[in-house]
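# Structure assessment
Single-letter residue listing:
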Amino acid sequence: MITILRATDRIAVPWKNGGGITREVAIWPPGSNFENFDWRVSIAEVREAGPFSRFENIDRTLMILQGRLALTFADKNLELGRDCASFAFPGEEACFGVPIEGTVLDLNVMTRRGRVTAHATSLANETHSESEKTSLLVARSETNVRVGNHAFRLSPFDALWAAEPSVFSCDGEAFLIAIH
């Protein structure tokens, strides 16, 4: 089964700590919340410097869709940008984010530790085979996507949810998130 999740249909909601807004791309199981999801994918707007929300027993992976973001942890500092690989960290770890030169949009994947894991791959004009039964492809640009015999046109930040192992071909930029 394939479902298209349009960016224009998402509702902005406050972050758990109230410091910004996020738009949920997908969550499992359907109807769950911050306390009981197995996995959640969202796009956050980071406009101002501040602490990240803490999530106990959650593993987080960040990818930058737009802008640059400086992150400070107790033992490290780093900067993430559009061309950086995904970055994973424990959700209970204290993290302070500072947008560099304007608003940052980040793609945030959260998985409940011990239940599921996720792996993110950046795609640019290529084909990728995914053996996991749940995958989300999030477009970074206007993107034509083929999944088997089906063709789709995605606008920036639209997502395609495949609930079966699939071969993805895209002619734009996207992140492919495999959930296992």
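First, a word on what this report is: a plain description of the structure on this page.

Reading guide: rules and limits
- Residues numbered from 1 in each chain as written.
- Predicted model: local features only at pLDDT ≥ 70, side-chain atom pairs only at ≥ 80, totals over all residues.
- Heavy atoms only, no water.
- Helix = DSSP H or I, 4+ residues; strand = E, 2+ residues; numbered from the N terminus.
- Buried < 20%, exposed > 50% of the residue type's maximum accessible area, 1.4 Å probe, protein only.
- Contact = heavy atoms within 4.5 Å.
- Pairing = 2+ DSSP bridges.

### Let's talk about the side chain of Thr 61
Structurally, Thr 61 is set in strand 6 (residues 58-72). Classification of Thr 61 as buried rests on a relative accessible area of 13%. Residues contacting Thr 61, with those up to four places away along its chain left out, are Ser 86, Phe 87, Ala 88, Leu 107, Asn 108 and Val 109.

### Details of the pairing of strand 4 (residues 39-46)
Burial within strand 4 is extensive, with eight of its eight residues counted as buried. The sheet contact formed by strand 3 (residues 21-28) and strand 4 spans seven bridges and is antiparallel. Counterpart to Glu 24 in the pairing with strand 4 is Ser 42. Direction of pairing for strand 4 relative to strand 9 (residues 96-112): antiparallel, over a ladder of eight bridges. Its bridge partner being in strand 9, Ala 44 is matched across the sheet by Asp 106.

### A word on unusual backbone geometry
Looking along the chain, the bond that leaves Trp 28 and enters Pro 29 is cis, with omega of -5°. Residue position: Pro 29 is located in the loop between strand 3 and strand 4. Phi is positive for Phe 157, which is not a glycine, with a value near 75°. Looking at where Phe 157 falls in the secondary structure, it is placed in the loop between strand 13 (150-154) and strand 14 (159-162).

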